[in-house]
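Fold and contact review
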Amino acid sequence: MSHTDSARTEQIRANLTAARARIEAACHKADRDPSEVSLIGVTKTYPASDVRVLASLGVTDVGENRDQEAAPKAAETADLDLTWHFVGQLQSNKARSVASYADVVHSVDRAKLARALGDRAAAAERRLTCLVQVNLDTGSQAGVIGPRGGVDPADAPALAERIAEHEALTLGGVMAVAPLGADPDEAFARLYEVAGRIRDRYPQATVISAGMSGDLEAAIGRGATHLRLGTALLGSRGPIVG
Ligand SMILES: *Cc1c(COP(=O)(O)O)cnc(C)c1O
């Protein structure tokens, strides 16, 4: 292992330790057991070598938000037996590719996409866990910073049903991104309520994917079961292109 490889490993190890400390503190405050909260390392813009570093440090779940980047990275690290999470907005014409490597798709926000993913997963003889992405933008905020994806909370149970009824899909639960500039605590409280409505009908749909590097404490306080952490583990990404 070269010097830069080991330096990068130590940097990521320190970031991971700090992130786990934040998770433990937030769980303590919320009177929750840290084992209820899973960490997903979001590796977008970072190379496959960082995926290997995360895996070597015990991270079993990784996430990406663009198929063009995720597909080659998943292929390069196929030997690691990681669980791959697709967390970005998704066009139906990418469903075949995503269904070939993803284990969990967090960003299902319309029935057409659910059907495309299910049909492609069935053709590949795979099963996909899907989460209903809920749009937590309210009134005046909606559209100002561009669509972040997600179904209207009122329409979430119907979409959950579309997922649950597909033979190749497993309904996992819900996912959301806190709206920019909004109070994440308030937003995640609404997500928790939507999650409860879906769980009343589908008790096994227990996943609440909420919380990123900047708002994981609020997410844990509002019942998150999965955190999607990019910058907290790998560093800031700089300007987003594309
Ligand atoms: C990039 C991304 C993350 C990770 O965000 P950080 O702020 O870097 O932790 C989480 N969820 C989604 C949907 C993302 O696109």
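As a convention, each chain's residues are numbered from 1 in the sequence order in which they are written. The predicted nature of this model means local features are confined to residues of pLDDT at least 70 and side-chain atom pairs, given and counted, to a pLDDT of 80 or more, with totals for whole chains, interfaces and linings taken over all residues. Side-chain measures were taken over the full set of non-hydrogen atoms in the model, leaving aside hydrogen atoms and water.

Comments concerning the nonpolar core
Ranked by size, the top nonpolar core spans 68 residues in total, and within it Val105, Leu117 and Val132 carry the most contacts. Leave out the neighbours within four places in its chain, and leucine 117 touches Leu90, Ala95, Val98, Ala99, Val105, Val108, Leu128, Cys130 and Leu169. Working definition of a nonpolar core: buried Ala, Val, Leu, Ile, Met, Phe, Trp, Tyr and Cys residues. They are joined through side-chain atoms within 4.5 Å. Whether a residue is buried, partly exposed or exposed follows from its accessible area with a 1.4 Å probe, protein chains only, as a fraction of its type maximum: under 20%, in between, or over 50%, in that order. Formed by 5 residues, the second largest nonpolar core is a distinct cluster that contains Val104, Leu131, Met175 and Val207. Throughout, a residue-residue contact means that at least one pair of heavy atoms, one from each residue, lies within 4.5 Å.

Brief notes about the environment of serine 92
A run of DSSP states H or I qualifies as a helix once it reaches four residues; a run of E qualifies as a strand once it reaches two. Both are numbered from the N-terminal end. Here serine 92 lies in the loop between strand E3 (83–86) and helix H4 (95–101). Serine 92 sits 81 residues away from glutamine 11 along the chain, and the two C-alpha atoms are 37 Å apart. With residues up to four places along the chain from it excluded, the contact list for serine 92 reads Arg110, Lys112, Leu113 and Ala116.

With respect to the site of the ligand
When we say a residue is near a molecule or strand, we mean one of its heavy atoms is within 4 Å of it. For the ligand, the full set of nearby residues is Val42, Lys44, Asn65, Val87, Met175, Met212, Ser213, Arg228, Leu229, Gly230, Thr231 and Arg237. Here an oxygen atom of the ligand and a side-chain polar atom of arginine 237 are 2.7 Å apart. To be clear on the numbers: accessible area is Shrake-Rupley with a 1.4 Å probe, and residue cover counts the displayed protein chains and nothing else. Coverage of the ligand by the protein chains reaches 88% of its 390 Å² of free accessible surface. Think of it as three bins: nonpolar holds Ala, Val, Leu, Ile, Met, Phe, Trp, Tyr, Cys and Pro, charged holds Asp, Glu, Lys and Arg, and polar takes everything else, Gly as well. Split by residue class, the shell around the ligand holds 5 nonpolar, 4 polar and 3 charged. A 3.5 Å cut-off defines polar contacts: any pair of N or O atoms within that distance qualifies, except that in protein one atom must be a possible hydrogen donor and the other a possible acceptor, and neighbouring residues in sequence count only when both atoms are side-chain atoms.

A word on the UniProt feature "modified residue: N6-(pyridoxal phosphate)lysine" (unreviewed entry) in the protein
With numbering matched to this structure, UniProt assigns "modified residue: N6-(pyridoxal phosphate)lysine" (unreviewed entry) to Lys44. Position of lysine 44 relative to the elements: it lies in the loop between strand E1 (38–42) and helix H2 (48–56). According to the relative accessible area criterion, lysine 44 is buried, its value standing at 19%. UniProt positions are given in the numbering used here, feature names are shortened, and annotations may be inferred rather than shown by experiment.

A few points about the side chain of arginine 8
With respect to the helices, strands and loops of the structure, arginine 8 is situated in helix H1 (residues 3–29). We classify arginine 8 as buried; its relative accessible area is 18%. Separated by 2.6 Å, the side chains of arginine 8 and aspartate 50 make a polar contact. In contact with arginine 8, not counting residues within four places along its chain, are Tyr46, Asp50 and Leu234.

Focus on the packing of helix H6 (residues 156–164) against helix H7 (residues 184–201)
Axis angle and axis distance: for two packed helices, these are the angle between their axes and the distance between the axes, and together they describe the pair. Where H6 contacts H7, the axes come no closer than 10 Å and their chain directions differ by 45°. By the angle between their directions, the pair H6 and H7 is classed as oblique. Considering how the two elements wind past one another, H6 and H7 form a crossing that is right-handed. For the pair formed by H6 and H7, the contact residues are Ala156, Pro157, Ala160 and Glu161 on the first element and Val194, Arg197, Ile198 and Arg201 on the second. Classifying every residue of the contact of H6 with H7 by side-chain character gives 5 nonpolar, no polar and 3 charged. Axes, fitted as lines to C-alpha atoms, cover a helix only where it is in contact. Angles between the N-to-C directions of the axes lie from 0 to 180 degrees. What sets the label is the angle itself: under 35 degrees gives roughly parallel, over 145 gives roughly antiparallel, 65 to 115 gives roughly perpendicular, and the rest give oblique. Left-handed is the label given to a crossing in which the near helix is rotated counterclockwise from the far helix by less than a right angle, and right-handed is the label when the rotation is clockwise.

Things to note about the pattern of salt bridges
Here a salt bridge means any side-chain nitrogen of Lys or Arg lying within 4 Å of a carboxyl oxygen belonging to Asp or Glu. A full pass over the atoms with the stated rule returns 15 salt bridges. When the shortest N-O distance is used, the salt bridge between glutamate 69 and lysine 73 registers 2.7 Å. Here glutamate 69 pairs with lysine 73, and both are found in helix H3 (residues 67–76), just 4 residues apart, close to one helical turn. With a relative accessible area of 5%, lysine 73 lands in the buried category.

A few points about the side chain of serine 209
Locating serine 209 in the fold gives a position in strand E7 (residues 207–209). A polar contact is formed between the side chain of serine 209 and the side chain of histidine 106, at a distance of 2.9 Å. Dropping the residues within four chain positions of it, serine 209 is found in contact with His106, Leu131, Val174, Met175, Ala176, Leu191, His226 and Arg228.

Digging into the environment of threonine 17
For threonine 17, the position within the fold is in helix H1. Here threonine 17 falls in the exposed class, since its relative accessible area comes to 53%. Distance in space between the C-alpha atoms of threonine 17 and alanine 224 is 20 Å, their sequence separation being 207 residues.

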